[in-house]
Amino acid sequence: MFMGKKLIPCVSVAAAVFAAAAAVSAEEPANEKKILNMNQFKEYTLAQGEIYKVFVKKDDGATTVTFPSAISKIAGVNVSTDGSTDFQISAQPGGYYFNLVALREGATGTLTVVFNRKTYILYLVQNNEKAFAAVNFIGGSGSGGASAGGGGAVTPARLLSLIDMAKAYDVLSKRYPTELRDSTRFAKKATFQFEKFQMDLLEVIRFNHEDTLVFKLLLRNDTDEEILYDKFSFSVQAGNRTYYMSAADATGVMPPKSSTYAFFTITGTPEGCRNNLAADNEFRIGVTAQYMDPQPVAVEPEPNLEEPSSIPEADEKVKKIEAEFDKRLSTLLDSMEKTLARIESQEAAIQVEQPEEAALQVEEPTAVVVNGSVSQEPEEQPSAAEADAGEVEKQLTEVQDNVSWWDFSEFPDNLAFLVNWMKF
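Residues numbered from 1 in each chain as written. Predicted model: local features only at pLDDT ≥ 70, side-chain atom pairs only at ≥ 80, totals over all residues. Heavy atoms only, no water.

Draft legend 1. Main features of the overall build of the protein chain. Broken down by element type, the protein chain carries six helices and 22 strands. Expressed as a percentage of its 424 residues, the buried residues of the protein chain come to 30%. The long-range share in the protein chain, meaning contacts at least 24 apart out of those at least 6 apart in sequence, stands at 63%. (Helix = DSSP H or I, 4+ residues; strand = E, 2+ residues; numbered from the N terminus. Buried < 20%, exposed > 50% of the residue type's maximum accessible area, 1.4 Å probe, protein only. Contact = heavy atoms within 4.5 Å.)

Draft legend 2. View of the nonpolar core. With 32 residues, the main nonpolar core has Met-199, Phe-215, Tyr-229, Phe-234, Phe-264, Phe-283 and Ile-285 as its most contacted residues. At the level of secondary structure, the elements contributing two or more residues to this core comprise strand 11 (183-193), strand 12 (198-207), strand 13 (212-221), strand 15 (235-238) and strand 19 (258-267). Of the residues forming this core, the biggest block, four residues, is contributed by strand 13. Discounting chain neighbours no more than four positions away, the residues touching Tyr-229 are Leu-219, Phe-234, Ala-250, Thr-251, Gly-252, Val-253, Met-254, Ala-262, Val-287, Thr-288, Ala-289 and Gln-290. With 26 residues, the next largest nonpolar core counts Phe-98, Ala-102, Ala-107 and Leu-111 among its residues. (Core = buried A, V, L, I, M, F, W, Y, C linked by side-chain atoms within 4.5 Å.)

Draft legend 3. Examining the pairing of strand 13 more closely. For strand 13, the tally of buried residues reaches eight of 10 residues, placing the bulk of the element in the interior. Pairing geometry for strand 12 and strand 13, over nine bridges, is antiparallel. Each bridged residue has a counterpart across the sheet, and for Gln-198 the counterpart in strand 13 is Arg-220. Taken together, strand 12 and the strand that follows it, strand 13, pair antiparallel across an intervening segment of four residues, in which Asp-211 is found at a positive phi of about 55°. (Pairing = 2+ DSSP bridges.)

Draft legend 4. Summary view of the layout of surface pockets. As a volume, the largest pocket reaches approximately 380 Å³. Lining the largest pocket are 20 residues, with Ile-71, Ser-72, Lys-73, Asp-230 and Phe-232 sitting closest to its centre. Elements represented by at least two residues in the lining of the largest pocket include exactly strand 4 (73-77) and strand 7 (97-102). Looking at the lining of the largest pocket residue by residue, the class counts come to nine nonpolar, seven polar and four charged. The space that makes up the second largest pocket amounts to roughly 170 Å³. In terms of lining, the second largest pocket is formed by 13 residues, of which the most central are Arg-158, Glu-179, Leu-180, Asp-182 and Glu-210. No other element matches the three residues that helix 2 (residues 156-167) contributes to the lining of the second largest pocket. Class assignment for the residues of the lining of the second largest pocket results in four nonpolar, four polar and five charged. (1 Å grid on protein atoms, 1.4 Å probe; cavity = no way out; pocket = protein on both sides within 12 Å on 5 of 7 lines; lining within 4 Å. Points joined across faces, edges and corners; volume = space filled by probe spheres on them. Nonpolar A, V, L, I, M, F, W, Y, C, P; charged D, E, K, R; others polar.)

Draft legend 5. Layout of the side chain of Asn-221. Counting through the fold element by element, Asn-221 comes out in strand 13. With relative accessibility at 0%, the residue Asn-221 sits in the buried group. Excluding residues that lie within four positions of it along the chain, Asn-221 makes contacts with Lys-196, Phe-197, Glu-226, Ile-227, Met-254, Pro-255, Pro-256, Lys-257 and Ser-258.

Draft legend 6. Looking closely at the packing of aromatic side chains. Evaluated as defined, the whole model comprises 12 aromatic pairs. Seen in terms of ring centroids, Tyr-52 and Phe-137 are 5.1 Å apart; in terms of plane orientation they differ by 85°. Their pairing is edge-to-face. In this pair, Tyr-52 is assigned in strand 2 (residues 51-56) and Phe-137 in strand 10 (residues 132-138), connecting sequence segments 85 residues apart. As far as burial versus exposure is concerned, Tyr-52 and Phe-137 are alike and both buried. Through a chain of ring-to-ring contacts, three or more aromatic side chains come together here, namely Tyr-44, Tyr-52, Phe-67, Phe-115 and Phe-137. The positively charged end of Lys-196 is found above the aromatic ring belonging to Tyr-291, 4.7 Å away from the centroid. (Phe/Tyr/Trp six-rings, centres within 6.5 Å; stacked < 30°, edge-to-face > 60°. Lys NZ or Arg CZ within 6 Å of the ring centre and 35° of its normal.)

Draft legend 7. Highlighting the pairing of strand 7. Of the two faces of strand 7, only one is covered, namely that formed by Phe-98, Leu-100 and Ala-102; the face formed by Tyr-97, Asn-99 and Val-101 stays uncovered. Note that strand 3 (residues 63-66) and strand 7 share four bridges and pair antiparallel. Residue pairing for strand 7: Thr-66 is matched across the bridge by Tyr-97. The sheet contact formed by strand 6 (residues 87-91) and strand 7 spans five bridges and is antiparallel. Note on strand 7: the bridge partner recorded for Gln-88 is Val-101.

Draft legend 8. The arrangement of the side chain of Ser-258 in detail. Its location among the elements puts Ser-258 in strand 19. Within the local environment of Ser-258, its side chain forms a polar contact with the backbone oxygen of Pro-255, the two atoms lying 2.5 Å apart. Sequence-distant contacts of Ser-258, that is, excluding residues within four places in its chain, are made with Leu-219, Arg-220 and Asn-221. (Polar contact = N/O pair within 3.5 Å; in protein donor to acceptor, adjacent residues only side chain to side chain.)

Draft legend 9. Spatial organisation of unusual backbone geometry. A positive phi angle, close to 70°, is found at Asn-78, a residue other than glycine. If you trace the backbone, Asn-78 turns up in the loop between strand 4 and strand 5 (79-80). Classification of Asn-78 by relative accessible area gives partly exposed; the value is 25%. Its identity as a non-glycine residue notwithstanding, Asp-211 has a phi of 55°, on the positive side. Among the secondary structure elements, Asp-211 is positioned in the loop between strand 12 and strand 13. In this structure Asp-211 comes out as buried when scored by relative accessible area, which is 0%.

Draft legend 10. Quick look at the sheet that holds strand 19. A sheet is described by the order of its strands in space; here five strands give the open sequence 11-12-13-19-17, paired in antiparallel fashion. Two strands close off the open sheet at either side, each with one partner strand: strand 11 and strand 17 (247-249). Within the sheet, the average angular offset between the axes of one strand and its neighbour, ignoring direction, is 20°. Two elements, strand 17 and strand 19, share three bridges in a ladder whose sense is antiparallel. What sits directly across from Ala-247, in strand 19, is Thr-265. (Axes fitted to C-alpha atoms, helices over the stretch in contact; angles between N-to-C directions.)

Have a look at this one:
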């Protein structure tokens, strides 16, 4: 019994220890998977026309997005800096990275990034299981091409280090020549004249391992005004191809009557391949100054015709037009009233007069000769009998007019009446 009593607790303890060990071993894979999910890394090669899906964290961390060098602009849909949308972004002007946090489960959004004068679209999706802790964009746009040894992309930190090496090239070549064994230096005096300033290309240094060229410039401002320029807008044209900067070390400001230095790099090609450009090429350098940007056209509002103008001359002109209009309107109204009154009076007179049963015919006047003068008198309408008598008389008159009377002197006097009677 004693042994039994002692064994039971021992068995219980052993079982408990075994269960705890099994629980620990079961928790370890779960924790590892959770840690792995919390620190997933994604790398994309930049290429225009593609849409990059980025899974964003919620509650348990942020997603950091990194570009090879400084980002020019960022714009987003359903993304804000104050947390008023489903995604919140944190970015610094001129920075090469930004942080994203999702504020709602299952949220989606779009982010547009302008980098080296090219636009890239990121499609944001909230998903804690697939969320990326870091997203790194490499290659493309001439920034971050692969190294000669295939060791991966050139990081922004390495590009800035190459610029520092170019600045101290003379010192390094004397003290640490092995550090520059894979580089080529070419002093080049070329001048590019812009509207308000002058740019001198002093030298170009190529670092072959990184497939990167460092350009040293001297910017001269001879005007009395300060000139602002976009220090991330440098570009190089070699032959028929244009290469955009991958990193820059410049102030972005040219004070009046000053000369300032600027450095920038190009790495690889816009397609993400090696450029293999020699330092002694005939390069043409470009940069964008603030005064070069086109100013927006001011849209002037249309004048409100209902409200009088505030200009005295315009007010006087409007008053004259209104007075002339009132005068013409008054004259027209008076004329209309007189016409209506005349029409009403005529209608009243027609209603008072009673029309006769038989309409009187208007007789035409007949000319009557009295003592050689002509007077106009209306002729009376003859009756039927008078018409017949008049017709006979007319015929007799016509006959008489046609009679040729004989000369009675040719006949005896006692026969004249007989001849005349016979004639009739």
